[in-house]
Structure formats: structure tokens, C-alpha cells
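Structural overview for review
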Amino acid sequence: MLYVQKVCIFLSRTEITMKQKTQKPVIIFISNRFGYGPTITLLHIIREFINRIDAEFIFAGSGICKEAFDFNLETKVKFIELDERNYDKIKEFLSEFKNRKVFLISCLNRLAILAANELYVPNSLVDFLTWMWNEIPQGYEKADYYFSNHFGTKNKEPYMIEMPLILGHMPDKKNVEKKYLLINIGGSQNHLVPGVQENYFK
């Protein structure tokens with residue numbers, strides 16, 4: 001996955017202090033209460049990271065973000081109760097890692113990006129709704145890395161990095177006689193419902 005590779009490269013190149021060399025890097029994930037989508041998207045990314053990076057993983061959130069979190073991952077990902085729509089609470093939480101090598105990954109959460117910038121915490125934003133916005137939400141552009149799905153819309157900006165359109169498992173390909181092109185821009189496999197979410201294809 002392109003996104004994971006870019007963050008892995010960042011972590012490998014970041015200068016660390018002697019104190020930090022004895023500790024694993026910390027990767028913090030914060031989504032947004034915009035349905036289940038932001039959290040499910042981060043879970044796909046988290047699973048990729050677990051297999052690629054030796055780090056301490058933390059998912060921070062509340063409400064529907066907590067509801068969508070896969071607690072089967074708790075042995076590898078620490079869940080922290082945090083109001084992800086409270087800038088001061090996010091900033092206070094991130095401040096706890098000022099002596100650690102830390103990287104923030106936010107999905108559709110501008111407050112997390114703004115707090116990270118204030119504390120000089122390296123960060124990235126995953127915006128899979130770039131194509132939908134009338135205007136890019138204020139604060140998104142401050143992300144160190146802005147990964148977007150703009151689908152060729154007017155919202156494409158030079159600072160954006162286009163990410164893969166599909167996150168998660170793809171069903172086995174089936175051969176059909178009729179020549180149709182099927183495009184799905186919503187829905188993803190997730191732990192809440194088994195199998196592929198076929199309703200999105202209808």
C-alpha cells in the first residue's frame with residue numbers, strides 16, 4: 001500500500017535522540033465521528049502497519065469511533081478514550097509524547113492535524129472524500145502529508161498525494177460474458193459485517 005510505504009520511509013529517516021533509541025516509535029491514529037468510514041479506513045491502514053513496522057500503536061477516540069474500533073486488535077493496538085472533536089484534549093494527549101518519536105495519522109480530523117502542527121508532531125491526513133467537498137475543509141492543507149481521493153475533481157491541489165482508491169480485501173474476480181464496468185466509490189470490508197458489503201454495489 002502506497003500510503004504505508006511513504007510513512008515507513010518517513011519513520012526510517014527521522015532523526016531520533018539517544019534517549020529515543022531505546023524506545024519504539026509511537027504511531028497514533030485519530031479518526032472522526034463521520035459515520036463508520038473514517039475509523040474503518042484507519043483500521044485497514046493499522047493492519048498494514050502492524051505487519052510492516054515495529055512500533056507502539058495507539059488508536060484514540062470516543063463515541064462512534066470507539067464503536068467501530070476492532071477490539072480484537074487490542075493485543076497490538078492500544079485504545080485510548082479521547083474526545084476526538086476537542087482540540088484542547090487532543091493537544092493535551094499528544095503532549096504526553098513530547099519525548100518520544102511519534103507520528104500522527106488522522107482520517108478526516110482537522111483538529112488532530114492542527115494540534116499536531118502546534119506541537120511540531122509529524123502528521124498525515126487521510127481524506128477519502130476529497131471529491132465530495134465543495135471546498136477543502138480549512139486546516140486540512142496544514143497536514144505534512146495529505147493523502148486524497150479526488151477522482152479528477154476540481155479539488156486536486158499540488159500538495160495532495162493521491163492514494164489508492166480501495167482499502168481492504170477485494171473479492172475474487174469473476175468472469176462474466178457481458179462487458180460492463182463497475183465502479184464503487186463507497187463501502188469497504190470491515191469487521192462489523194462479515195464479507196464484502198454488496199449493498200454498495202447495487
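Residues numbered from 1 in each chain as written. Predicted model: local features only at pLDDT ≥ 70, side-chain atom pairs only at ≥ 80, totals over all residues. Heavy atoms only, no water.

With that settled, the discussion passes to the pairing of strand E5 (residues 123-127). A large share of E5 lies buried, amounting to five of its five residues. Residues Asn123, Leu125 and Asp127 of E5 are buried on one face, and the alternating residues Ser124 and Val126, pointing to the opposite face, are buried as well. Taken together, the four bridges between strand E4 (residues 102-107) and E5 define a ladder with parallel strand orientation. Directly across from Ile105, in E5, lies its bridge partner Ser124. Once the chain exits E4 it traverses helix H5 (residues 110-118) before rejoining the sheet at E5, and the crossover so formed is right-handed. Relative to strand E6 (residues 145-148), E5 runs parallel, the two being bridged by four bridges. Of the residues in E6, the one forming a bridge with Leu125 is Tyr146. (Buried < 20%, exposed > 50% of the residue type's maximum accessible area, 1.4 Å probe, protein only. Helix = DSSP H or I, 4+ residues; strand = E, 2+ residues; numbered from the N terminus. Pairing = 2+ DSSP bridges. Right-handed = clockwise from strand over helix to strand, strands pointing away.)

Let us look at the nonpolar core. Within the largest apolar cluster, 35 residues are counted, with the highest numbers of intra-cluster contacts made by Phe29 and Phe59. Only strand E1 (26-30), helix H2 (37-50), strand E2 (56-61), strand E3 (77-81), E4, E5 and E6 provide two or more residues apiece to this core. Ranked by residues supplied to this core, first place goes to H2 with seven residues. Ignoring any residue separated from it by four or fewer positions in sequence, one finds Phe59 in contact with Phe29, Ser31, Thr39, Leu42, Ile46, Cys65, Phe69, Val77, Lys78, Phe79 and Ile80. Counting residues in each nonpolar core, the second largest holds 17 residues, with Ile58, Ala60, Phe93 and Leu104 among its members. (Core = buried A, V, L, I, M, F, W, Y, C linked by side-chain atoms within 4.5 Å. Contact = heavy atoms within 4.5 Å.)

What follows deals with the confidence of the model for the protein chain. In this model, the protein chain carries an average pLDDT of 81, and 69% of its residues clear a pLDDT of 70 or more. Averaged over each element, pLDDT in the protein chain is lowest for helix H1 (residues 2-13) (67) and highest for helix H4 (residues 87-95) (98). (pLDDT = per-residue confidence, 0-100.)

Glancing now at H2. An α-helical segment advances 3.6 residues per turn. Residues three or four places apart therefore align on the same side. End to end, H2 covers 20 Å across 14 residues, agreeing with the expected 20 Å (1.5 Å per residue, within 8%). Within H2, eleven of the 14 residues are buried, which leaves the element mostly enclosed by the surrounding structure. (Expected span 1.5 Å × (residues − 1).)

All told, the structure shown has twelve aromatic pairs when counted by the stated rule. Relative to Phe79, the ring of Phe59 lies with its centre 6.0 Å away and its plane at 20°, an arrangement referred to as stacked. Pair noted here: Phe59 is in strand E2 and Phe79 is in strand E3, with a separation of 20 residues, a long-range link. Each member of the pair, Phe59 as well as Phe79, is classed as buried. Through successive ring pairs, a cluster of aromatic residues spans Phe59, Phe69, Phe71 and Phe79. (Phe/Tyr/Trp six-rings, centres within 6.5 Å; stacked < 30°, edge-to-face > 60°.)

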